[in-house]
Amino acid sequence: MAMNILDSFNTERLSAERLEADHFEFIYQMNQDEQVMAYLGGKRSHEQTLEYMEQNLAHWKEYGYGIWILRENATGIFAGRGGLRNAVIDGKDEVEVAYGLMPEFWNRGLATEFVRAVVNIGLLKLRLSGLVCVTNPDNLASQRVVEKAGFGFERDVIYKDEPHLLFRHDSGRH
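Residues numbered from 1 in each chain as written. Predicted model: local features only at pLDDT ≥ 70, side-chain atom pairs only at ≥ 80, totals over all residues. Heavy atoms only, no water.

*Asks:* So what's going on with the side chain of Ser 15? Residues and values would help.
*Replies:* Examined against the element boundaries, Ser 15 turns out to sit in strand β2 (residues 14-18). You can call Ser 15 buried: its relative accessible area is 17%. Beyond its immediate chain neighbours, meaning those up to four positions away, Ser 15 contacts Phe 9, Asn 10, Ile 69, Leu 70, Arg 71 and Asn 73. (Helix = DSSP H or I, 4+ residues; strand = E, 2+ residues; numbered from the N terminus. Buried < 20%, exposed > 50% of the residue type's maximum accessible area, 1.4 Å probe, protein only. Contact = heavy atoms within 4.5 Å.)

*Asks:* Can you tell me about the pairing of strand β4 (residues 78-89), naming the residues and giving the values?
*Replies:* The side chains of a regular strand alternate between both faces of the sheet. With respect to burial, β4 is a largely interior element, ten of its twelve residues being buried. Relative to β4, strand β3 (residues 67-72) is paired through five bridges, and the arrangement is antiparallel. If you follow Leu 70 over to β4, its bridge partner there is Gly 80. Where β3 hands over to β4, the hairpin turn is made up of five residues, of which Gly 76 adopts a positive phi near 75°. In this structure, β4 lies alongside strand β5 (residues 92-101), joined through ten bridges in antiparallel fashion. Within β5, the position partnered with Ala 87 by the bridge is Glu 94. (Pairing = 2+ DSSP bridges.)

*Asks:* Lay out the packing of helix α1 (residues 24-31) against helix α3 (residues 46-63) with the relevant residues and their values.
*Replies:* Between α1 and α3, whose axes approach to 10 Å, the crossing angle comes to 125°. Of the possible angle classes, the one that applies to α1 and α3 is oblique. The hand of the α1/α3 crossing is right-handed. Residue-level inspection shows Phe 24, Ile 27, Tyr 28 and Asn 31 of α1 in contact with α3, the latter providing His 46, Thr 49, Leu 50, Tyr 52 and Met 53. (Axes fitted to C-alpha atoms, helices over the stretch in contact; angles between N-to-C directions. Parallel < 35°, antiparallel > 145°, perpendicular 65-115°, else oblique. Left-handed = near helix turned anticlockwise from the far one by under 90°.)

*Asks:* So, the environment of Leu 50: which residues are in play, and what are the values?
*Replies:* Here Leu 50 is to be found in helix α3. Taking the C-alpha atoms as reference points, Leu 50 and Arg 13, 37 residues apart in sequence, are found 29 Å from one another.

*Asks:* Can you tell me about the pattern of salt bridges, naming the residues and giving the values?
*Replies:* One pass over the full model with this rule turns up eleven salt bridges. Salt-bridge contacts for Asp 7 lead to Arg 18; the nearest nitrogen and oxygen are separated by 3.1 Å. On the criterion of sequence distance, the pair formed by Asp 7 in the segment before β1 (8-10) and Arg 18 in strand β2 is long-range, its members being eleven residues apart. It is possible to trace a salt-bridge network through shared partners that takes in Asp 90, Lys 92, Glu 94, Glu 154, Arg 155 and Arg 168. (Salt bridge = Lys/Arg side-chain N within 4 Å of Asp/Glu carboxyl O.)

So, in structure tokens, the structure goes:
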């Protein structure tokens, strides 16, 4: 497979590598963590994780960007996942910045560091006109992350059949 410039990148404390089929165990471990999944629709089964993997591997093939697996630079330990994915929100095509970290990596500024890097990739390298983040109304930590990364609250939306808050970051705010 030809290398894509976006297959991997580093931030100060995280390394990101393109999601591959052999990352299944990392994603499954995350999907089984009650704290991680509390605002993401609850724990996901083996079958649901396979479906997630298939969708996100196909996304990379179709668009040339997607979800990355995150590791802590200092230790190489799996820290989470996140990236850019196309989504239909309120009937409109959007590119969503998605992210999730394992609980031991929370409250250290790592999510903000990652989201800022992904915003740069989306707006500068991919030249997307804008990005969105969707958060659960109760997930105050996630709302702080996206605000620190330059997103502004736009409106309430229904996403995956649940109420969410939609935040937007466009190229003019960069």
